[in-house]
Each structure stands twice: as structure tokens, then as C-alpha cells.
Amino acid sequence: MASALINVPPRAKRGEIIEIKTLISHPMETGYRRTQLGGAIPRDIIRTFVCTYNGTEIFRAELHPAIAANPFIAFSTVATESGTLAFQWTGDRGFSETESVAITVD
Amino acid sequence: MCVVVLAASASAGEIPLTERRSGYDLMSRETRAMQDDDTANPGMLWVLEGESLWNKKTGDAGRACAECHGEARASMKGVAARHPAFDAARGRPVTLEQRVNLCRVDRQKAPPLAYESKELLALTAYLARQSRGVPIDVAIDQRTQPFLDAGRATFYRRQGQLNLACNQCHDDNWGRRLAGNVVPQAHPTGYPLYRLEWQSLGSLQRRLRGCLTGIRAEPYEYGAAELVDLELFLMWRARGMPFEAPAVRP
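In this report, we go over the structure that sits alongside the text. (Residues numbered from 1 in each chain as written. Chains lettered and ligands numbered in written order. Predicted model: local features only at pLDDT ≥ 70, side-chain atom pairs only at ≥ 80, totals over all residues. Heavy atoms only, no water.)

## Focus on the overall build of chain A
Scanning chain A from N- to C-terminus turns up zero helices and eight strands. For chain A, the N- to C-terminal ordering of α and β elements is β-β-β-β-β-β-β-β. For chain A, whose C-alpha radius of gyration is 16 Å, the value lies well above the compact-globule estimate of 13 Å for 106 residues. Seen along its three principal axes, the alpha-carbon backbone of chain A occupies a region of about 60 × 20 × 20 Å. When the 106 residues of chain A are sorted by exposure, 39% land in the buried category. Relative to all contacts within chain A whose residues are 6 or more apart in sequence, the contacts with residues 24 or more apart total 57%. About 5800 Å² of surface is accessible on chain A, with carbon and sulfur atoms providing 50% of the total. In chain A, 10 side chains carry a positive charge and 11 a negative one; their mean positions are 4 Å apart. (Helix = DSSP H or I, 4+ residues; strand = E, 2+ residues; numbered from the N terminus. Rg over C-alpha atoms; globule rule 2.2 N^0.38 Å. Buried < 20%, exposed > 50% of the residue type's maximum accessible area, 1.4 Å probe, protein only. Contact = heavy atoms within 4.5 Å. Areas by Shrake-Rupley, 256 points an atom, 1.4 Å probe, with all protein chains shown as cover. Lys, Arg positive; Asp, Glu negative; His and termini not counted. Charge placed at Lys NZ, Arg CZ, Asp CG, Glu CD.)

Pasting the structure below:
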């Protein structure tokens, strides 16, 4: 699966509020379901999502079993300087996914 | 005389062409926004995956889809909107999923992909995406007419323990509620689509099988002639409506 879709405006004015939208492919298995034979399906979810802007953490989210598959997370920040927005999702079974996007601020 | 009266009453419930509405129109504003924004539409995850599969060499022939078909944006535009389409070798209409697998087996010398597998959904989603906005136009001629008639017969046939036919909900009672859900007109304008209930992308046949289970009928197998014919009839019934894959539905 294509892992993540990220939408960040490529250019912004200094001080402008920008919206960041992220969508990641993940089953978000709750751990409460069972197979047809009654065996427990182990939990497999994303636990945390972190966004850093030039190394500074600007957004963090904790995810829980009630969140649907393929979590969509949107938030906003203030465009302060040109640089990189880095995104990291970590979860059960050693799941870890990173993406980064460049932004130009003028 | 009696026959004429019966025929007239049987078709009374059909939805006039101008009053047809996509399931999109019956959704909440939030779900519509999700479909409209490519960065919020989870179906796009499959489309991106399909794009990489399109360009990947596979099978004993070692060829990628792109080597024969080129740029999908141009060569595949409108293709999903005219399937199921007649296949001369098989002597019957085939769905987009079957067409992909025929190409894999005959040309790429690769094993067919399983129905509802990630790869098949990804490829069909990528193909269907190229037809967004194209009016649905399945070819009805002498060769496909018998299959269209068979699909129509399935649509109007009462089935299952609840003894319901498709038209009893989707022609006669669309727009009303079945439990908490609005009954749509059942126009397959956006398949394969992301269904929030499934938390995944799925094909039209998955949806049809779900409906059959709902009326407590035994669902036909994936790829069964009955499902393909029904798919053909539904696409004909939605003729001219714009294609919107990958759609999002509740």
C-alpha cells in the first residue's frame, strides 16, 4: 500500500496559518475482535503521531483502538520559516513510518 | 390486454432518467467533503498503489501494464465507465476486475489476482480514477442485450428469506430510511469505492453480495455470471451519469 498522503501548502507567507492534512494507510485493528474460530486478533494500531517543524515538535497525537482504519489527521500551524515538516507515526508490532515535506516561507 | 397491463404496472416503479441521483447526493456534507478532497479521500491510497503496480514489471513475460498501454491518464480514460464490456474470446461481458486478470494471464503470463485483494483493488481504483467525470456508457448491442436482460431479470427477481427484489428498495423506496441509513437508488457511479462501514476499498460485487446477504439470500460467488450481468444492468441503468471513482460512501 501507498503508505501516506500529506497535504502541506508548498509556499506560505510568514505568519500565515497553514493547514496540514495527513492520511496514512493502516488497519487499526482494535484487539477486541475475534476470528471465526474464536481466536483473539491481536491489537495492531498506531499509538502516536508526531509532527516536527525544523526539528521543533509542533503537534502530537495519541491514537486509541476506537479510531477507524486509515487515520486522517488534520491540524494547523503558523508558517514561521522555510524548512521541513517531518511526520512520524509509530505503533504496535514495531510499526514506524516517516515522511517529510518541504515548505517555503517568504 | 392483460399482458399489457401487467407490463405497465411492472415498470411503474422505474426511476425516470432525469430523477436519477448518485448516492453522493444522499450523503452527509462531511462524507461528501471527504470524497471531494483527494488528500482526505482514503481511496486515493489505493490509487497511488495502483499507479506503482501499473508501472511494475510482472509475470513470466516481465512486462508492466504501462509498456503496452502507456500513460494511463490518456489511454485508460473512460475505460472503467464502459465496463462490463463484451469480450469476444469469452463470448460474454467481463467486469473491469476480470479484464485486468485476463490481461495478466494472457499477456503478462502472471497468475490472476484474487477478488478483493489489495493489488486488484489498487489496479482497478487506479483505472477507475482515470474515468472520473466521464459519463457512464456501457455498449448495448445484439451481443450484450441477452446479458442485460438477464441482469434486469435478477434486479426484479424476489430472492432470499426476506423475499425481496432489488427494485423494491432501490426503485420504489429510495430516499427513505432503512434503520439509520438512507436507501440510495443503487447507481454504481463510484466503484471501487471506500466504504466507511468496511473501513476499506471494495468492489461493486462486494457491495452486491452484501445486499444479497442483507435480504438473506445466498450471495453469488465473486465473478459469477449473475453478478456480472447485474453489474451490466446497473451500469446501463446509470447510463450518462458521471463516474466519480474512487467514491466514499457511508
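## Quick look at unusual backbone geometry
All names here are of chain B. That bond from Tyr191 to Pro192 is cis: its omega, -5 degrees, falls within 30 degrees of zero. Examined against the element boundaries, Pro192 turns out to sit in the loop between β4 (181–182) and β5 (193–195). Residue Ala245 is joined to Pro246 through a cis peptide bond whose omega torsion reads -10 degrees. Locating Pro246 in the fold gives a position in the loop between α11 (225–237) and β7 (248–249).

## Some details on the pattern of salt bridges
Residues and elements named next belong to chain A. Taken as a whole and judged by the stated rule, the model has 18 salt bridges over all chains. The closest approach of N and O atoms between Asp106 and Arg11, which form a salt bridge, is 2.6 Å. Placement of Asp106 in the segment after β8 (96–105) and of Arg11 in strand β2 (residues 11–12) is noted, with a sequence separation of 95 residues between them. Across the pair Glu57 and Arg60 runs a salt bridge whose closest N-O atoms are separated by 3.0 Å. You can call Glu57 partly exposed: its relative accessible area is 44%. Residue classification places Arg60 among the partly exposed positions, given a relative accessible area of 47%. A network of salt bridges, in which partner residues are shared, links Arg43, Arg47 and Asp92. (Salt bridge = Lys/Arg side-chain N within 4 Å of Asp/Glu carboxyl O.)

## Re helix α3 (residues 43–54) of chain B
Residues and elements named next belong to chain B. A rise of 1.5 Å per residue sets the reference length of α3, with its 12 residues, at 16 Å; its end C-alpha atoms lie 16 Å apart and thus fit the reference within 8%. Burial within α3 is extensive, with nine of its 12 residues counted as buried. Among the residues making up α3, those that are buried are Gly43, Met44, Leu45, Trp46, Val47, Glu49, Gly50, Leu53 and Trp54. (Expected span 1.5 Å × (residues − 1).)

## A few points about the interface of chain A and chain B
Taken together, the contacts link 13 residues of chain A with 14 residues of chain B. For the chain A and chain B pair, buried surface summed over both sides reaches about 1200 Å², with 66% attributable to carbon and sulfur atoms. At the boundary of chain A and chain B, one finds one salt bridge. For the salt bridge of Asp37(B) with Lys21(A), the shortest nitrogen-to-oxygen distance reads 2.5 Å. (Buried area = accessible area lost by both parts, 1.4 Å probe.)

## Describing the pairing of strand β6 (residues 72–78) of chain A
Residues and elements named next belong to chain A. Going residue by residue along β6, you find Ile73, Phe75 and Thr77 tucked away on one face and Phe72, Ala74, Ser76 and Val78 left uncovered on the opposite face. Summarising the sheet, strand β3 (residues 17–24) and β6 pair through seven bridges and their orientation is antiparallel. Among the inter-strand pairings, Glu19 is bridged to a residue of β6, identified as Ser76. (Pairing = 2+ DSSP bridges.)

## Focus: the layout of surface pockets
Residues and elements named next belong to chain B. Taken as a whole, the largest pocket holds about 1300 Å³ of empty space. Forming the walls of the largest pocket are 50 residues, and the residues nearest its centre are His170, Pro184, Arg195, Arg207 and Cys211. Those elements that place two or more of their residues in the lining of the largest pocket are α8 (145–155), α9 (166–170), β3 (177–178), β4, β5, α10 (204–214) and α11. Top element by residues in the lining of the largest pocket is α10. It accounts for 10 residues. Its residues assigned to classes, the lining of the largest pocket shows 28 nonpolar, 14 polar and eight charged. (1 Å grid on protein atoms, 1.4 Å probe; cavity = no way out; pocket = protein on both sides within 12 Å on 5 of 7 lines; lining within 4 Å. Points joined across faces, edges and corners; volume = space filled by probe spheres on them. Nonpolar A, V, L, I, M, F, W, Y, C, P; charged D, E, K, R; others polar.)

## Examining the sheet that holds β5(B)
Residue and element names in this part refer to chain B. Taken together, three strands build an open sheet; the order of strands is β6-β5-β7 and the sheet is mixed. Of all the strands in the sheet, just β6 (200–202) and β7 have a single pairing partner and so form its edges. Two strands pair when backbone bridges link them, and β5 and β7 are joined in this way by two bridges, in the parallel orientation. The partner of Tyr194 across the bridge, within β7, is Val248.

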